[in-house]
Amino acid sequence: MAGTIPAVRKHIIDAIAAEARKLTDRELPMRLSSFVRPYFNGVPAEDLKSGEPATFAAAAAGHLEFGRIRKPGEARVRVFNPTDAKDGWHSAFTVVEVVTDDMPFLLDSLKILLDDCRLEIQLMVHPVMKVRRDKRGRMSRAEEATSGGKDNESWQHIEIDRIGSPEEREKLRERLLAALGDVRIAVADWPEMRTNAQDISRSLLAGVPGISRAESAEASVFLDWLADDFFTFLGYREYRLERGRKTDRLVAVPGSGLGLLRTGPGRRRPAPTMLSGDVRDKAREPTVLVVTKANSISTVHRATYLDYVGVKTFDSRGRVKGERRFIGLFTSRTYTTNPREIPLLRRKVQRVFEHFGVSPVSHDGKALINAVSY
């Protein structure tokens, strides 16, 4: 139930609020004693016992001051080593503060980056608050967010292993901003990427030159299956295949990128991919779908190699002329689904049963499906 917290934690937060009332020398957009309650509401009592109430109050005051002005859509990040003289409190750790729109995957994505930097998290305060701001981004109120909404913001105070160098702290800040940018565009473009998958699915049902109806129909079902919460869409881009005498080129179609494959200010424009030998042959192969692993690790949601789903396009003669590429991550539902219920995979499983000549409902068949599942 929203607003209900254990008595021990409430007692500690009350003590922090009492210390907050003493900090009258700070110019803040709202009463600090009111701010600290939703700010620390979700922090375990064990973590709140790790410091003094006065220290937590001063840290919250600094975060509130940092986040008092934020433009719509802006992510604010600072990485600093607090001192009594400058901040009114001190710590043996480096502090990361974030103020941004609330979005899926935020915490997971920041943890991915900090883990990649080999920086251990010592404390994390991460409230989601409903924040009232004027048209210029000036804050006037914050309260606990009890449901989703456009006014919800994620405020994160993360204490990590100490970084002594100002240059290294700035590098981390820039990487954090880039990670938050990746999350923002992936979340913003997700509906369009999902719609693209469904649109491509419908186009496959109309038939593909040079491809059997059965193969294109199964590919269509697979794309619809992905869109039914079995795939987290993180990027999309279209490519055209330019054929050469010895080497082909896979060239990105300008303006087709979405999510992590979007181009624009601050994002790298993809260079053509040169294809030769077996790779060239594979690209020209008349099959509709390519499902594999990408060679890059996701910066959003989970630190694992991205899943890659390519849908080839064909000319009127049935020759491959390009590709529509999705990158993302199969959701947890995928890994708990019976392989015989997964499009594309179910055909392979059926061939395995036919090869061994066993019934899926027999003892041997159940053992086989368990083996295939792992």
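Residues numbered from 1 in each chain as written. Predicted model: local features only at pLDDT ≥ 70, side-chain atom pairs only at ≥ 80, totals over all residues. Heavy atoms only, no water.

S.K.: I keep staring at the overall build of the protein chain and nothing clicks. Help me out?
M.R.: Counting its secondary structure elements, the protein chain contains 12 helices and 13 strands. With the C-alpha coordinates of the protein chain rotated into their principal frame, the extents come out at 75 × 55 × 35 Å. Counting over 374 residues, the protein chain shows a buried share of 43%. Counted over contacts in the protein chain with a minimum sequence separation of 6, partners at least 24 positions apart contribute 66%. For the protein chain, the computed accessible surface area is about 20100 Å², with 51% contributed by carbon and sulfur atoms. The averaged location of the 50 negative side-chain charges in the protein chain is 5 Å from the averaged location of its 61 positive side-chain charges. (Helix = DSSP H or I, 4+ residues; strand = E, 2+ residues; numbered from the N terminus. Buried < 20%, exposed > 50% of the residue type's maximum accessible area, 1.4 Å probe, protein only. Contact = heavy atoms within 4.5 Å. Areas by Shrake-Rupley, 256 points an atom, 1.4 Å probe, with all protein chains shown as cover. Lys, Arg positive; Asp, Glu negative; His and termini not counted. Charge placed at Lys NZ, Arg CZ, Asp CG, Glu CD.)

S.K.: Help me understand helix 6 (residues 106-116) in this model?
M.R.: Three or four residues apart is the spacing at which side chains of an α-helix point the same way, because the helix has 3.6 residues per turn. Every buried residue of helix 6 is accounted for by Leu106, Ser109, Leu110, Ile112, Leu113 and Leu114. In this structure, the buried side of helix 6 is in contact with strand 2 (94-101), strand 3 (121-125), strand 6 (152-160) and helix 7 (166-205). Remark: Arg118 follows helix 6 within two positions and exhibits a positive phi of approximately 60 degrees.

S.K.: Looking at this structure, I do not really get the pattern of salt bridges. What am I missing?
M.R.: When charged atoms on two side chains of opposite charge get close, those side chains can pair. In the structure shown here, the tally under the stated rule is 26 salt bridges. The salt bridge involving Asp307 is made with Lys293; its shortest N-O contact spans 2.8 Å. One end of the pair, Asp307, is in strand 12 (residues 305-314); the other, Lys293, is in strand 11 (residues 289-297), and 14 residues separate them in sequence. According to the relative accessible area criterion, Asp307 is buried, its value standing at 3%. Taking relative accessible area as the criterion, Lys293 reaches 44% and is therefore assigned partly exposed. It is possible to trace a salt-bridge network through shared partners that takes in Arg70, Asp101, Arg133, Glu153 and Arg184. (Salt bridge = Lys/Arg side-chain N within 4 Å of Asp/Glu carboxyl O.)

S.K.: Sorry, what's going on with the nonpolar core here?
M.R.: Ranked by size, the top nonpolar core spans 31 residues in total, and within it Leu204, Leu226, Val288, Val309, Val311 and Phe326 carry the most contacts. Discounting chain neighbours no more than four positions away, the residues touching Val311 are Ile200, Leu204, Leu223, Val288, Leu289, Gly322, Glu323, Arg324 and Phe326. (Core = buried A, V, L, I, M, F, W, Y, C linked by side-chain atoms within 4.5 Å.)

S.K.: Explain the environment of Val43 here, please?
M.R.: In this fold, Val43 is placed in the loop between helix 2 (32-40) and helix 3 (45-48). Residue class for Val43 comes out buried when judged on its relative accessible area of 3%.

S.K.: Explain the packing of aromatic side chains here, please?
M.R.: Centre distance and the angle of the planes are the two values used to describe a pair of aromatic rings. Following the criterion strictly, the structure yields 10 aromatic pairs and no others. Here a set of aromatic residues connected by ring pairs shows up, and it is made of Phe35, Tyr39, Phe40, Phe56 and Trp155. One Lys or Arg, Arg78, reaches over the ring of Phe80 and ends 4.0 Å from the middle of that ring. The cationic tip of Arg333 hangs over the ring face of Phe230; the distance from NZ or CZ to the ring centre is 4.0 Å. (Phe/Tyr/Trp six-rings, centres within 6.5 Å; stacked < 30°, edge-to-face > 60°. Lys NZ or Arg CZ within 6 Å of the ring centre and 35° of its normal.)

S.K.: Explain the packing of helix 1 (residues 7-20) against helix 2 to me, please; I cannot follow it from the model alone.
M.R.: The description of two helices packed together rests on the angle between their axes and the distance between the axes. Across the interface, helix 1 lies against helix 2 with an axial gap of 8 Å and an inter-helix angle of 150 degrees. If you check the angle between helix 1 and helix 2, you find them roughly antiparallel. Here helix 1 runs over helix 2; the crossing is right-handed. Residue-level inspection shows Arg9, Ile13, Asp14, Ile16, Ala17 and Ala20 of helix 1 in contact with helix 2, the latter providing Leu32, Ser33, Val36, Arg37 and Phe40. In terms of residue class, the contact of helix 1 with helix 2 is built from seven nonpolar, one polar and three charged. (Axes fitted to C-alpha atoms, helices over the stretch in contact; angles between N-to-C directions. Parallel < 35°, antiparallel > 145°, perpendicular 65-115°, else oblique. Left-handed = near helix turned anticlockwise from the far one by under 90°. Nonpolar A, V, L, I, M, F, W, Y, C, P; charged D, E, K, R; others polar.)

S.K.: What is the right way to read the side chain of Arg70 from this model?
M.R.: Considering the arrangement of structural elements, one finds Arg70 in the loop between helix 4 (53-66) and strand 1 (76-80). The class of Arg70 is buried, set by a relative accessible area of 4%. There is a polar contact of 2.5 Å between the side chain of Arg70 and the backbone oxygen of Glu74. Not counting chain neighbours up to four residues away, the residues in contact with Arg70 comprise Arg76, Val99, Thr100, Asp101, Arg133, Gly137 and Glu153. (Polar contact = N/O pair within 3.5 Å; in protein donor to acceptor, adjacent residues only side chain to side chain.)

S.K.: What is the right way to look at the pairing of strand 2 in this model?
M.R.: In summary, the side chains of a regular strand alternate between the two faces of the sheet. A large share of strand 2 lies buried, amounting to eight of its eight residues. With five bridges joining them, strand 1 and strand 2 adopt antiparallel strand pairing. Paired with Arg76 across the bridge in strand 2 is Val99. (Pairing = 2+ DSSP bridges.)

S.K.: Honestly, the side chain of His157 in this entry has me stumped. Any pointers?
M.R.: By secondary structure assignment, the location of His157 is in strand 6. A relative accessible area of 3% means that His157 is categorised as buried. Side chain to side chain, His157 and Glu159 meet in a polar contact 2.9 Å long. Excluding residues that lie within four positions of it along the chain, His157 makes contacts with Tyr39, Ala59, His63, Trp89, Val95, Val96, Glu97, Leu123, Met124 and Val125.

S.K.: Looking at this structure, how should I read the pairing of strand 12?
M.R.: For strand 12, the buried fraction is high: nine of the 10 residues fall into the buried class. Sheet topology note: the strand 11/strand 12 ladder contains six bridges and is antiparallel. If you follow Val291 over to strand 12, its bridge partner there is Val309. Relative to strand 13 (residues 320-330), strand 12 runs antiparallel, the two being bridged by eight bridges. Within strand 13, the residue paired with Tyr308 across the bridge is Ile327. Hairpin connection from strand 12 to strand 13: five residues lie between these consecutive antiparallel strands, with Gly318 at a positive phi of about 85 degrees.

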